[in-house]
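What follows is each chain in one-letter form.
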Amino acid sequence: LTKPIKPEHLITAVSSRVERYRQLRRLMMRDSLTGLLNHTTLKERYAQEINRATRLNKPLTYAMIDLDNFKRINDTCGHAAGDRVLKSLASMLSKRLRNTDVIGRYGGEEFAILMPNTNSQEAFKILDEMRIGFEHILHRSANKTFNVTFSCGVASYPECITPSKLAETADIAVYAAKNQGRNRVIIGVEK
């Protein structure tokens, strides 16, 4: 800003810079397709929530969701249809989960959720209801309608005592769900 500046110009200039900062910050923290937290921001929030759960001695559940046969959707229905499926799941997660839950796009067709003050059984119930609801949504492409399912792995603190074990256990559980036929939620057990 060049000085001297009139008060009304100062307010306008500062307001526009604040708005620009907010837009840039949103672009840096959010996935551009789904509007959910991006991978980097999700990892930062993961560390914060682990610290909070440890400090308060409260449960924390971490869930990994992976869309089933997503490559086939992109290959047969096109990437635009695949993008709509990703947006649809992101919208469902945002609408059905609590404001205190942390939801992000982990990468590709994978999503991660942190559920503070929630044990694995409570998370299982919520996520399994969402899984059933999602499989009944009809998605459309240029030439057909189709349904999509997801597999989910769940792990909780304090059963998993370290942050790395929590993420690893949820990841192993989502692969177990895939190997057991997909379209299911599995609670992982630390090994």
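Notes on the structure follow.

About the criteria used
- As a convention, each chain's residues are numbered from 1 in the sequence order in which they are written.
- Selection of residues for local features in this predicted model requires a pLDDT of at least 70, selection of side-chain atom pairs for listing and counting requires 80 or more, and totals for whole chains, interfaces and linings are taken over all residues.
- Excluding hydrogens and water, the side-chain figures rest on all heavy atoms present in the structure.
- Two strands make a pair as long as DSSP finds a minimum of two bridges between them.
- Helix numbers and strand numbers start at the N terminus; a helix is a DSSP run of H or I with at least 4 residues, a strand a run of E with at least 2.
- Lines fitted to the C-alpha atoms define the axes, with helices restricted to the stretch that makes contact. Angles between their N-to-C directions range from 0 to 180 degrees.
- Contact definition: two residues touch when any of their heavy atoms are within 4.5 Å.
- Here, nonpolar core means buried Ala, Val, Leu, Ile, Met, Phe, Trp, Tyr and Cys residues that are tied together by side-chain atoms lying within 4.5 Å of each other.
- Partly exposed describes any residue whose relative accessible area lies between the buried limit of under 20% and the exposed limit of over 50%, with all areas from a 1.4 Å probe on protein chains only and scaled to the type maximum.
- The working definition used for a salt bridge is a side-chain nitrogen of Lys or Arg within 4 Å of a carboxyl oxygen of Asp or Glu.

## Observations regarding the sheet that holds strand β1 (residues 60-67)
- Pairing is mixed across the open sheet formed by 5 strands, whose spatial order is β2-β3-β1-β6-β7. A single partner strand is all that each edge strand has here, and the edge strands are β2 (102-107) and β7 (185-187). Strand-to-strand twist of the sheet, defined as the mean angle between neighbouring strand axes without regard to direction, takes the value 20°.
- Pairing between strand β6 (residues 150-157) and β7: 3 bridges, direction parallel. Note that in β7 the partner of cysteine 152 across the bridge is valine 185.
- Lying on the sheet, helix α6 (residues 163-179) is in contact with β1, β6 and β7; it crosses β6 at an angle near 150°.

## Some details on the nonpolar core
- Grouped together as the largest cluster of nonpolar side chains are 29 residues, with contacts concentrated most on Ile65, Leu67, Leu93, Phe111, Ile113 and Leu127.
- Looking at this core, the elements with two or more residues in it are β1, α3 (70-77), α4 (79-96), β3 (110-116), α5 (120-135) and β6.
- If you tally residues by element for this core, the top one is α4, at 7 residues.
- Not counting chain neighbours up to four residues away, the residues in contact with isoleucine 113 comprise Thr61, Tyr62, Ala63, Ile65, Leu93, Leu97, Val102, Ile103 and Leu127.

## A few points about the pattern of salt bridges
- Under the definition given, this model contains 10 salt bridges.
- Across the pair glutamate 168 and lysine 165 runs a salt bridge, and its minimum N-O distance is 3.7 Å. Remark: lysine 165 and glutamate 168 occur in helix α6; sequence separation between them is 3 residues, near one turn of the helix.
- In this structure glutamate 168 comes out as partly exposed when scored by relative accessible area, which is 39%.
- Exposure remark for lysine 165: the relative accessible area of 23% places this residue in the partly exposed category.
- Members of the salt-bridge network, linked through shared partners, are Arg45, Glu49 and Arg52.

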